[in-house]
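Listed below, chain by chain, are the residues.
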Amino acid sequence: MSQTTTLPDGRTVHCVNAYEVGYGWHEVVSDDLTERGLDLPADGTYFDVGANIGLFCLRLHDLCPDGRIFAFEPMPAAFEALKDNAAAMGDKVKANRLALGAAPGQAKFDHYPALSALSTGDSDVGKTLADGLKKLLFGQGGASPDIRAVIDSTGTYDRLGDEEFIEHLFQSEEVTADVDTLDNLVERFGIDTIDLLKIDTEGQERAVLDGISPTLWPRIRQLLVEVHRGPEELQEIRAELEEHGYNTVVEDHPMAQGGAPVFHIYAHRPESAKYHRL
């Protein structure tokens, strides 16, 4: 059963670790998608791939209460929290314990129980993200004042001298999860158009995109892709999206302040010009 914590606005949310939520919520609410050319139709259809506990879903639901949100999270503990948070949002939000990839099947993941947002199907990416987070925690990454304040508010800063806590924080375990393609899921749920496809899969973004067929691409209006494998893959994915007809904007992720090569790509088709202010 998931634990609960309180957001800055006083709402209760289910989570895996309470100290992760402040940073995650800050990342979501401080990212104004409309400034990057995206729009959020009030009654749109949204896919959140790599939803973790559902904070991005909650933000979408706040802004678009009539929108349909399909959330996908393969890690068991995070999925339990996602499922509870989705239930609190009502029947517009569907939680699915599933990873997305290039083909149906199963895949192995490194699950970080104490840092659920770092769980990944790529061990190298997990280590890079862990190193970046360590630098932020220990003040070695040049974190901005607002990120520093959020980290300090979690209480982890006060425990940096506790070697047992730090070791526990970055321990991982292997988890096997089911995988399906975006094409199959769109067919399963009877989806015509995806208004925003958000992909945050800690290094598996390429595999998720490879699960999109040529016939599905025109039905995806916008994407928000978090890229974890560095500048080369960033440029490859950005070029691919532009070949599919999207305009793109790239920004550094807050983790980049700790030296981790993490980026956001915001992609929209030129006709997507209706803006909804975040």
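Look a little higher up for the structure.
The sections below set out a description of the structure shown in this document. As the structure is a prediction and not an experimental result, all values here were calculated from the model.

1. Remarks on helix H3 (residues 76-89)
Helical geometry: 3.6 residues make up each α-helical turn, so side chains three or four residues apart lie on a common side. End to end, H3 covers 20 Å across 14 residues, agreeing with the expected 20 Å (1.5 Å per residue, within 8%). Those residues of H3 lying buried are Ala 78, Phe 79, Ala 81, Leu 82, Asn 85, Ala 86 and Met 89. End-on view of H3: buried residues confined to an arc of 160 degrees, all on one side of the axis. The exposed set on the far side of H3, more than 90 degrees from its buried face, consists of Ala 87 and Ala 88. Those residues of H3 that are buried are in contact with strand S2 (12-15), helix H2 (55-63), strand S4 (68-72) and strand S5 (93-96). Gly 90 occupies a position one or two residues after H3 and carries a positive phi of about 100 degrees.

2. Describing empty space enclosed by the protein
Enumeration over the complete set of coordinates arrives at one cavity of 30 Å³ or more. Contributing to the lining of the largest cavity are Tyr 46, Phe 47, Asp 48, Phe 56, Leu 60, Ile 69, Leu 196 and Lys 198. Every element with two or more residues in the lining of the largest cavity is listed here: strand S3 (45-49), H2 and strand S9 (196-199). A per-element tally of the lining of the largest cavity places S3 first, with three residues. Among the residues making up the lining of the largest cavity, the classes are represented as six nonpolar, no polar and two charged.

3. Comments concerning the packing of helix H1 (residues 18-29) against H2
Axes are the key here: two packed helices are described by the angle between their axes and the distance separating the axes. Their axes nearest at 9 Å, the elements H1 and H2 cross at an angle of 45 degrees. Judged by the inter-axis angle, H1 sits oblique to H2. Seen from above, H1 lies across H2 with right-handed handedness. Residues Val 21, Gly 24, Trp 25, Val 28 and Val 29 of H1 form the contact with H2, whose own contacting residues are Leu 55, Phe 56, Leu 58, Arg 59 and Asp 62.

Conventions adopted
Numbers given for residues are sequential positions, taken from 1 along each chain in its written order. For a predicted model such as this one, the threshold for reporting local features is a pLDDT of at least 70, and the threshold for listing and counting side-chain atom pairs is 80 or more; totals across whole chains, interfaces and linings nevertheless cover every residue. Remark: hydrogens and water are excluded; side-chain values derive from all non-hydrogen atoms of the structure. Segments assigned H or I by DSSP are reported as helices when at least four residues long, segments assigned E as strands when at least two residues long, and all are numbered from the N terminus. Take the number of residues in a helix, subtract one, and multiply by 1.5 Å to get its expected span. Exposed residues in this analysis have more than 50% of their type's maximum accessible area, buried residues have under 20%, and partly exposed residues fall in between, with area computed by a 1.4 Å probe over protein chains only. This arc is taken over the directions from the axis of the helix to the C-beta atoms. Contact criterion: two residues are considered in contact whenever any of their non-hydrogen atoms come within 4.5 Å of each other. Each cavity reported here is a set of points on a 1 Å grid over the protein atoms alone in which a 1.4 Å probe fits but cannot get out, each pocket an open set with protein on both sides within 12 Å along at least five of seven lines, and each lining residue one with an atom within 4 Å of a point. Grid points are joined across faces, edges and corners, and a volume is the space filled by probe spheres set on the points. Nonpolar residues are Ala, Val, Leu, Ile, Met, Phe, Trp, Tyr, Cys and Pro. Charged residues are Asp, Glu, Lys and Arg, and all others, Gly as well, are polar. Lines fitted to the C-alpha atoms define the axes, with helices restricted to the stretch that makes contact. Angles between their N-to-C directions range from 0 to 180 degrees. We call two directions roughly parallel when the angle between them is under 35 degrees, roughly antiparallel when it is over 145, roughly perpendicular when it lies between 65 and 115, and oblique otherwise. Each crossing gets its handedness from the near helix: less than a right angle anticlockwise from the far helix is left-handed, clockwise is right-handed.

Note that all results are geometric; they support no functional claim without further evidence.
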